[in-house]
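Commentary on secondary and tertiary structure
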Amino acid sequence: MDRKYSNVTSTGVEGRQVVESTITSIPIDRVLPGESPRLGGEDEQHVFRLAAAEGPLPPILVDQKTMRVVDGAHRLRAALLNGRRTIDVQFFDGSREDAFLRAVEANIEQGLPLTRADRIAAALRILKSHPEMSDRAVAKSTGIGTRAVATLRRSSGSVSESGSRIGRDGKVRPLSGAQGRLRVAEFIRQNPDASLRQVARAAGVSPATALDVRRRLARGEDPVPTSGGAGDCGKKNAKDAPATERPAPAGAPSKAALDKLMRDPSLRQNELGRRLLRLLKEHEMVAKELSDIAAWAPTHCIHMMVELSRHNSQVWDDFAQDLKQRSWAVKID
């Protein structure tokens, strides 16, 4: 007999729905072992902990076509250990490679954390099976840094045949920024008095790109750089140009969240906590100035500023991953 819960859906690559909206109780002997992203296999101690847990465990994720486990191998073994004849499942509908991607994402979101070796191996496989995914999207799915994913992509030779990549927000963006620069040039020709922010917003590029195109047009140059030159901050050439125009990051913590942290006694009464609060406060103040700085930055220095900015963002991303791993330690598979 089917047991229906509140609707739960998941969106896979290219935005297609891959999980049904009902949770069904089926005979446990119908479920087959699946392909796990864990290089070392299942953790016996974790199976015993789940078997001893009070109350029902969350449903496992099962491939609807093959009946193999996508996520929940530990929960399946715990149910078998307890002599269960049925188990709650949620069905997955997708390809084998999409199933592996979903399995990695499920283990990153909750449950027993994957080791770094597990995550790196998973990222390499996902880059080969889903080359259209952006570095940030793969990083989010596997729980490793964006720069690490970019390095793995170069070493694996993963190339998107479509000439574009799908970001974390599901939007498709070209690998080349040439189209955005051409839009800027056309908008400036039609609206010569428009501000940089207006140009950037209309063309869907950053203010820095809009400024660079405006300067190139003023010098009678092509809006799309084809060769590099030298400047005070070092050489800049075509390969240094950004691979894609990216929107401003979404989901940043609100001011209310920061204010709440600033009032938290456990942070204010601890030296490390006070240091963290100072860093967060300084980051909020600096963020307000970065847009203007990006529009002003000398073009011959931009590529070095980009590298430093990405390094600094990676530091915060690694910090966030460390915090997430601490929270995973107390969650079940």
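One structure accompanies this document, and this report is about it. What you see is a predicted model, and the numbers here were worked out from it, not measured in a lab.

A word on the overall build of the protein chain. The secondary structure content of the protein chain amounts to 13 helices and eight strands. Here the protein chain holds 333 residues, and the buried ones make up 35% of them. Accessible surface computed for the protein chain: about 20,000 Å², of which carbon and sulfur atoms make up 54%.

Among the secondary structure elements, Glu271 is positioned in helix α12 (residues 271–296). Of the polar contacts made by the side chain of Glu271, one reaches the side chain of Arg274; its length is 2.9 Å.

What follows concerns the pairing of strand β2 (residues 60–63). Covered by surrounding structure in β2 are Ile60 and Val62 together with Leu61 and Asp63, the residues of both alternating faces. Where β2 and strand β4 (residues 86–92) come together, four bridges link them in parallel fashion. Bridge assignment links Val62 to a residue of β4, and that residue is Phe91. Note: β2 against strand β3 (residues 69–71), two bridges, orientation antiparallel. Directly across from Val62, in β3, lies its bridge partner Val69. Hairpin connection of β2 to β3: five residues between the antiparallel strands, including Met67 at a positive phi of 65 degrees.

What follows concerns unusual backbone geometry. In this structure, Met67 takes a positive phi of about 65 degrees despite not being glycine. Relative to the helices and strands, Met67 is located in the loop between β2 and β3. Under the relative-accessibility criterion, Met67 is labelled buried at 11%.

Our next topic: the pattern of salt bridges. In the structure shown here, the tally under the stated rule is 15 salt bridges. The structure contains a network of salt bridges with shared partners spanning Arg181, Asp212, Arg216, Arg219 and Glu221.

Angle between the axes and distance between the axes are the two parameters that describe a pair of packed helices. Two elements in contact, helix α3 (residues 96–109) and helix α5 (residues 135–142), have axes whose closest approach is 7 Å; the angle formed by their N-to-C orientations is 60 degrees. Taken together, the axes of α3 and α5 are oblique relative to one another. Contacts from Leu101, Val104, Glu105 and Ile108 in α3 reach Lys140, Ser141 and Thr142 in α5. Residues belonging to the contact of α3 with α5 are distributed by class as follows: three nonpolar, two polar and two charged.

How each quantity is defined
- Residues numbered from 1 in each chain as written.
- Predicted model: local features only at pLDDT ≥ 70, side-chain atom pairs only at ≥ 80, totals over all residues.
- Heavy atoms only, no water.
- Helix = DSSP H or I, 4+ residues; strand = E, 2+ residues; numbered from the N terminus.
- Buried < 20%, exposed > 50% of the residue type's maximum accessible area, 1.4 Å probe, protein only.
- Areas by Shrake-Rupley, 256 points an atom, 1.4 Å probe, with all protein chains shown as cover.
- Polar contact = N/O pair within 3.5 Å; in protein donor to acceptor, adjacent residues only side chain to side chain.
- Pairing = 2+ DSSP bridges.
- Salt bridge = Lys/Arg side-chain N within 4 Å of Asp/Glu carboxyl O.
- Axes fitted to C-alpha atoms, helices over the stretch in contact; angles between N-to-C directions.
- Parallel < 35°, antiparallel > 145°, perpendicular 65-115°, else oblique.
- Contact = heavy atoms within 4.5 Å.
- Nonpolar A, V, L, I, M, F, W, Y, C, P; charged D, E, K, R; others polar.

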